[in-house]
Amino acid sequence: DPPQYQTPWTCRLVGGSAPAPAPPPAVPSPPASGCAQDGADCRASRCCADPSKRCYEKSSSWASCRASCQAGQANPDDPPQYQTPWTCNLLDSPTSTCAADGADCRASKCCADRGKTCYEKNSGWASCRSTCQAGEANPLDPPEYRTPWTCKVVR
């Protein structure tokens, strides 16, 4: 089963009326890559690893990456017991408003290159990088700016 459906079994007989599904867990930590994979909850990352998809909210307990969403409609790709209406509130920012490589991403809090994450260098600068090691300088920075990064993820 996909991770979001790996819940304890009730061992109740199915028939007539089944028990309500267990509520989803609290907002998860974002994946290490920064953006959610297909089938994962994107409430924490607010972005999708697949750039053709957007992070849509189903409810306060779940959001996932979809190509499109129609408010008030169930997602036919959801398992039958989870086919309930979606709010379809967008939780991500369109890539056109996200920071380009080399730009400050503090305001947008996202990267146009979905494979990168917005990392803080200090209170005055953050930019999109593939990886970041706290306390180390970025060797790609100009020599006069090679100072340590905090590497806090900007959200």
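The coordinates are above.
Since the model is a prediction, treat every value here as computed from it, not as a measurement.

Parameters at a glance
Residues numbered from 1 in each chain as written. Predicted model: local features only at pLDDT ≥ 70, side-chain atom pairs only at ≥ 80, totals over all residues. Heavy atoms only, no water. Helix = DSSP H or I, 4+ residues; strand = E, 2+ residues; numbered from the N terminus. Buried < 20%, exposed > 50% of the residue type's maximum accessible area, 1.4 Å probe, protein only. Contact = heavy atoms within 4.5 Å. Areas by Shrake-Rupley, 256 points an atom, 1.4 Å probe, with all protein chains shown as cover.

## Comments concerning the overall build of the protein chain
Looking only at helices and strands, one finds zero helices and four strands in the protein chain. In the protein chain, the succession of helices and strands from N to C terminus is β-β-β-β. Classification of the 155 residues of the protein chain by burial places 30% in the buried group. Across the protein chain, every contact between residues at least 6 apart in sequence was considered, and the portion connecting residues at least 24 apart equals 32%. When the accessible area of the protein chain is evaluated, it comes to approximately 9600 Å², of which 54% is carbon and sulfur surface.

## Here we look at unusual backbone geometry
The phi torsion at C88 lies on the positive side, around 65 degrees, for a residue other than glycine. Along the chain, C88 falls in the loop between β2 (62-66) and β3 (117-122). Since its relative accessible area comes to 13%, C88 is described here as buried. Here K109, not a glycine, exhibits a phi torsion of approximately 60 degrees, which is positive. Looking at the element boundaries, K109 is found in the loop between β2 and β3. Given the relative accessible area of 42%, K109 is considered partly exposed.

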